[in-house]
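Each chain is listed here by its residues.
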Amino acid sequence: MTQGEAAPRSTRSRPTMREVAALAGVAIKTVSRVFNDVPTVDPAIVARVREAADKLGYRPNLTASSLRRGDGRTATIGMLVEDAANPFSAVLTRTVENVARERGVLVLVGSLDEDPTRERELAQALIDRRVDGLVIVPAGRDQSYLISEQRSGTRMVFVDREAGLLDADAVVSENRQGAITAVNHLLKAGHRRIAYLGDRASIPTAAQRFAGYRHALEVAHIEYDDEIVRHVGSSEEAAIAATEQVLSLPDPPTALFTSQNFVTVGAVRALRAMERQDTTAQVGFDDFPLADILSPGITVIAQDVEQVGRTAAEMLFRRLDGDESPTRTVTVPTRLIERGSGEITAEGPCHD
């Protein structure tokens, strides 16, 4: 080694089961039985083997050991969500993780970014790792690629949206009715020109919320106006631009129904930049952090994300425990939380 060169990094291979057996003075098969929690192994031998493993820094290969188990279980489940950074996805994931942890099961999580190809790739990657089951917020409309895996015994539950072309359990929120409740709340405050800002219409949840918006207007005998409707995706920047556009029209809306949490946040930013937060009413679909401490607070249709996640996880584990009942879809109710923005009347702020 010449002067100035960095010394090569020393590497050491992982300790092996053979080395643990040698240090503990037992057979390799005994080490295997200890780490597979075979109850007939003498407690003193178990303690000796685990002490040797700790000294060597040995960790068992859980995937390999699971393949040797009679039931083929790996004590892992896969979870695919829209975006792990989204508050909805974060709460959903944590709730499923909490239920799984009670059963000693690890959750492997991936984000789909509303990409059907990525959904297929990540689902297959998790299946290849022998997960026991899957919880999926589907990005595409066709989940028939999972039929053969389902027939092979992999259990799966779909969340937020039902599976397409696949008979599977699902847990969803009351999207259409929640949107109807939001628009009716604005109508009650005297608004007749209510803009819709939402995610892409191709997304099932967005389509259901848009359908609820249109139904509420129809029942109130208010003519639908495409000029104040924007399907902007889930980008805050796009929502800001869309809000500015509809509020700059010659006949601007007096209220906004923002049907996705990032869209709601973008609209909030735009309203404040335009100093319209106290005169333009807003109801959002999905709660989000700090919505209650803004002035005015943001009125929302809140999903019970924890209930959705808990129901999905419990449904999956019942399937893993042998439940063979017909598949079903569970719908979890939403609720209106009044905080101020949705109570601004068509004539201006609502004061108590």
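Here, every reference points to the structure presented above.
Now for a look at the structure at hand.

How each quantity is defined
Residues numbered from 1 in each chain as written. Predicted model: local features only at pLDDT ≥ 70, side-chain atom pairs only at ≥ 80, totals over all residues. Heavy atoms only, no water. Helix = DSSP H or I, 4+ residues; strand = E, 2+ residues; numbered from the N terminus. Buried < 20%, exposed > 50% of the residue type's maximum accessible area, 1.4 Å probe, protein only. Contact = heavy atoms within 4.5 Å. Polar contact = N/O pair within 3.5 Å; in protein donor to acceptor, adjacent residues only side chain to side chain. Pairing = 2+ DSSP bridges. Axes fitted to C-alpha atoms, helices over the stretch in contact; angles between N-to-C directions. Phe/Tyr/Trp six-rings, centres within 6.5 Å; stacked < 30°, edge-to-face > 60°. Lys NZ or Arg CZ within 6 Å of the ring centre and 35° of its normal.

### A short note on the environment of Asp 142
Item 1. Structurally, Asp 142 is set in the loop between strand 3 (133–136) and helix 7 (147–151).
Item 2. For Asp 142, a relative accessible area of 30% corresponds to the partly exposed category.
Item 3. As a C-alpha pair, Asp 142 and Arg 120 span 22 residues in sequence and 9.9 Å in three-dimensional space.
Item 4. Each residue touching Asp 142, except ones within four places of it in the same chain, is listed here: Arg 120, Gly 164 and Leu 165.
Item 5. At a separation of 2.6 Å, a polar atom in the side chain of Asp 142 contacts the side chain of Ser 144.

### Considering the sheet that holds strand 1 (residues 76–81)
Item 1. Spatial ordering of the open sheet is given by 2-1-3-4-5-11, a layout of six strands whose pairing is parallel. For this open sheet the edge positions go to strand 2 (106–111) and strand 11 (329–332), each flanked by a neighbour on one side alone. Sheet twist, expressed as the mean angle between neighbouring strand axes with direction ignored, is 15°.
Item 2. The pairing of strand 1 with strand 2 spans six bridges and is parallel. From the neighbouring strand, Gly 78 faces strand 2, where its bridge partner is Leu 108.
Item 3. Lying on the sheet, helix 6 (residues 116–128) is in contact with strand 1, strand 2 and strand 3; it crosses strand 1 at an angle near 170°.
Item 4. Contacts between helix 12 (residues 305–320) and the sheet are confined to strand 1, strand 3, strand 4 (155–159), strand 5 (169–173) and strand 11, with strand 4 contributing the most and set at about 165° to the helix.

### A look at the packing of aromatic side chains
Item 1. On inspection of all chains with the given rule, the structure shows six aromatic pairs.
Item 2. Look at Phe 35 and Tyr 58: their rings are 5.4 Å apart centre to centre, the planes differ by 65°, and that puts the pair in the edge-to-face class. On the criterion of sequence distance, the pair formed by Phe 35 in helix 2 (residues 28–35) and Tyr 58 in the loop between helix 3 (43–56) and helix 4 (62–68) is long-range, its members being 23 residues apart.
Item 3. Classification of Tyr 58 by relative accessible area gives buried; the value is 9%.
Item 4. Within the aromatic cluster, the residues linked to one another by ring pairs are Tyr 196, Phe 210, Tyr 213, Tyr 224 and Phe 257.
Item 5. Between Arg 209 and the ring centre of Phe 285, over which it is positioned, the NZ or CZ distance is 3.9 Å.
Item 6. In this arrangement the basic side chain of Arg 214 is found over the ring face of Tyr 224, its NZ or CZ atom lying 3.7 Å from the centre.

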